[in-house]
Amino acid sequence: MSERMLEPGEMRSNEPMSRHVSWRAGGCAARCYRPRDREDLRAFVQDQPAHVALHVVGLGSNLLVRDGGLDATVVLTHGALRASALLEQDTAGAVLEVEAGVPAPKVARLAAHAGLAGAEFLAGIPGTLGGALAMNAGCYGDEIWNHVQSVTTLDRAGVIRVRTPQDYSIHYRHVQLKNLPMTGAVASDGLLGAGLVATQTPRANEAAGPRALEPTPEWFLAARLQFARGSSATALQRIRTLLAQRVASQPLNQPNAGSVFRNPPGDHAARLIEACGLKGVREGEAEVSLKHANFIINRGQATARAIERLIERVQQQVWVTHGVALVTEVHIVGERA
Ligand SMILES: Cc1cc2nc3c(=O)[nH]c(=O)nc-3n(C[C@H](O)[C@H](O)[C@H](O)COP(=O)(O)OP(=O)(O)OC[C@H]3O[C@@H](n4cnc5c(N)ncnc54)[C@H](O)[C@@H]3O)c2cc1C
């Protein structure tokens, strides 16, 4: 099996998704395509028969594909939607237009080099801008949607739209297009239906079983992001400081997907997990990180099943000990082996 990166315009069958997710684990996508650019993506989507599920993936830093694989065409945005431009500068600030496949840390650096302040928090989020928009990614008290002036989206029919934040319900790690007809399957997974089910128990989570893939009604192609005028030197220094904090507190030298669980209201998932004595607990080659209890690391050859079993074990233990139902922040897709 070739380890060569998918070239723009290349389609592969049975592509191991372990190559495309930060956990470096999991099954294959039936098909995997990296478009050349925005127009190629649009043409590709329009050409796909309606029965073929499409799943857009950025850098896979929040994604687990089960070992049985994903019966879908995965579309990779990284290396495909990579343009960025500085627009509308004035003394107060500026707008950056960035395509969805650009890594969030690059957005932080682009803004800093342009003398803008406020994008530094993105430096340590190792996904694409599209993934950040889908997840409302954030940290250190800020979130991507605080900076969105507008987004450009693509739907399954190939229609491109410009939308504003008013078109979305925007929550903690969850964004949903308003007035969207929902199905149960979409509601349990992904960008447009991921409900924060505060009362959901681990048992209810399990009962949901594999999350069915539904056509996502719209994907992000690009966003216009607003930032205030600042100083390059200050922003670059802040990026260095924030990255150093992450190196000190997160297991960045082992494959992981960042925080596995959303923080429950008023608390921290990591605190609850640590209080259960779960740090270092393993299922196969998956381990609750000793450095950060809300991270699960792949010690080398972890299967997606081992990671998922560990997720369920943590949920169960936190439920029994604290009566708190942890909800996963990571998206889990595909079939069990
Ligand atoms: C070490 C580490 C630290 C992290 N720290 C943070 C943090 O501080 N804060 C935080 O919020 N997250 C954090 N994360 C999680 C992750 O990086 C973010 O959720 C990130 O925004 C995901 O981007 P991605 O491109 O990797 O998305 P993926 O994992 O590829 O996809 C995630 C979801 O977004 C959807 N998606 C991706 N691109 C698009 C698109 N263009 N249009 C529509 N839907 C799309 C996918 O279908 C999938 O459902 C961390 C992860 C790691 C590994």
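What you see is a predicted model, and the numbers here were worked out from it, not measured in a lab.

Peer 1: Can you break down the overall build of the protein residue by residue, with the values?
Peer 2: Check the secondary structure of the protein and you find eight helices and 19 strands. By the burial criterion, 53% of the 337 residues in the protein qualify as buried. Put simply, of all contacts in the protein between residues at least 6 apart along the chain, 64% involve residues at least 24 apart. Within the structure as shown, the protein displays about 14,300 Å² of accessible surface, and the carbon and sulfur contribution to it stands at 52%.

Peer 1: Requested: an account of the confidence of the model for the protein, with residues and values cited.
Peer 2: For the protein, the mean per-residue pLDDT works out to 90, and 88% of the residues sit at or above 70. Counted against residues more than four places away or in other chains, residues 182-215, with its pLDDT under 50, gives 73 contacts.

Peer 1: Describe the site of the ligand, and please don't skip the residues or the numbers.
Peer 2: By nearness alone, 35 residues border the ligand, and V56, S61, T128, R246 and H331 come closest of all. T128 places a polar side-chain atom, nitrogen or oxygen, 2.7 Å from an oxygen atom of the ligand. Here G131 contributes a backbone N or O atom positioned 3.5 Å from a nitrogen atom of the ligand. Taking 970 Å² as the accessible area of the ligand by itself, protein coverage stands at 95%. For the shell around the ligand, the secondary-structure elements that each account for two or more residues are β3 (54-57), α3 (129-135), β9 (138-139) and β15 (218-229). A per-element tally of the shell around the ligand places α3 first, with five residues. Partitioning the shell around the ligand into residue classes produces 17 nonpolar, 15 polar and three charged.

Peer 1: Outline the nonpolar core, listing residues and values.
Peer 2: One finds W23, I273, I307 and I311 to be the most contacted residues of the largest nonpolar core, which totals 42 residues. Elements supplying a minimum of two residues to this core: β2 (28-34), β4 (63-65), β5 (70-76), α7 (269-275), β17 (286-288), α8 (304-322) and β19 (331-333). Ranked by residues supplied to this core, first place goes to α8 with seven residues. There are two domains that each give this core at least three residues, and those are domain 1 (10-76) and domain 3 (253-333). Beyond its immediate stretch of four places on either side in the chain, W23 contacts L63, L64, P255, N256, A257, V260, I296, N298, I307, I311 and V330. Among the nonpolar cores identified, the runner-up in size contains 35 residues, and A114, L122, V175 and A223 belong to it.

Peer 1: Give me the sheet that holds β5: which residues, what numbers.
Peer 2: Pairing is mixed in the open sheet, where four strands are placed in the order β1-β2-β5-β3. Edge positions in the sheet fall to β1 (10-16) and β3, since each has one partner strand and no second. Recorded for the sheet is a direction-independent mean angle of 30° between the axes of neighbouring strands. Lying over the sheet, helix α1 (residues 38-47) contacts β1, β2, β3 and β5, oriented at roughly 155° with respect to β5.

Peer 1: Before we move on, can you summarise the packing of helix α2 (residues 104-113) against helix α6 (residues 232-249) with the specific residues and values?
Peer 2: As a packed pair, α2 and α6 sit with axes 8 Å apart at the nearest point and diverge in direction by 155°. Here α2 lies roughly antiparallel to α6, going by the angle between them. Facing A108, R109, A112 and H113 of α2, the residues of α6 in contact are S232, A235, L236 and I239. Residue classes in the contact of α2 with α6 are distributed as five nonpolar, two polar and one charged.

Peer 1: Residues and numbers for the packing of aromatic side chains, please.
Peer 2: Here the structure, examined in full by the defined rule, presents four aromatic pairs. On the basis of an interplanar angle of 10° and a centroid distance of 4.1 Å, the ring pair of Y33 and F44 is categorised as stacked. Taken together, the positions of Y33 in strand β2 and F44 in helix α1 put the pair 11 residues apart, joining distant regions of the chain. The interplanar angle of 50° and the centroid separation of 5.0 Å between the aromatic rings of W145 and Y168 together place this pair among those described as tilted. Of this pair, W145 sits in the loop between β10 (142-143) and β11 (148-155) while Y168 sits in strand β13 (residues 168-171), and the two are 23 residues apart along the sequence. Each member of the aromatic cluster is reached from another via a ring pair, and the members are W145, Y168 and F220.

Peer 1: Account for α8, with residues named and values stated.
Peer 2: In this model, α8 (19 residues) spans 26 Å end to end at C-alpha, consistent with the 27 Å of a helix rising 1.5 Å per residue. For α8, the set of buried residues is A304, A306, I307, E308, L310, I311, E312, V314, Q315 and V318. At the exit of α8 stands G323, carrying a positive phi of roughly 70°.

The rules behind the values
- Residues numbered from 1 in each chain as written.
- Predicted model: local features only at pLDDT ≥ 70, side-chain atom pairs only at ≥ 80, totals over all residues.
- Heavy atoms only, no water.
- Helix = DSSP H or I, 4+ residues; strand = E, 2+ residues; numbered from the N terminus.
- Buried < 20%, exposed > 50% of the residue type's maximum accessible area, 1.4 Å probe, protein only.
- Contact = heavy atoms within 4.5 Å.
- Areas by Shrake-Rupley, 256 points an atom, 1.4 Å probe, with all protein chains shown as cover.
- pLDDT = per-residue confidence, 0-100.
- Near = heavy atom within 4 Å.
- Polar contact = N/O pair within 3.5 Å; in protein donor to acceptor, adjacent residues only side chain to side chain.
- Nonpolar A, V, L, I, M, F, W, Y, C, P; charged D, E, K, R; others polar.
- Core = buried A, V, L, I, M, F, W, Y, C linked by side-chain atoms within 4.5 Å.
- Domains from an automatic or database assignment.
- Pairing = 2+ DSSP bridges.
- Axes fitted to C-alpha atoms, helices over the stretch in contact; angles between N-to-C directions.
- Parallel < 35°, antiparallel > 145°, perpendicular 65-115°, else oblique.
- Phe/Tyr/Trp six-rings, centres within 6.5 Å; stacked < 30°, edge-to-face > 60°.
- Expected span 1.5 Å × (residues − 1).

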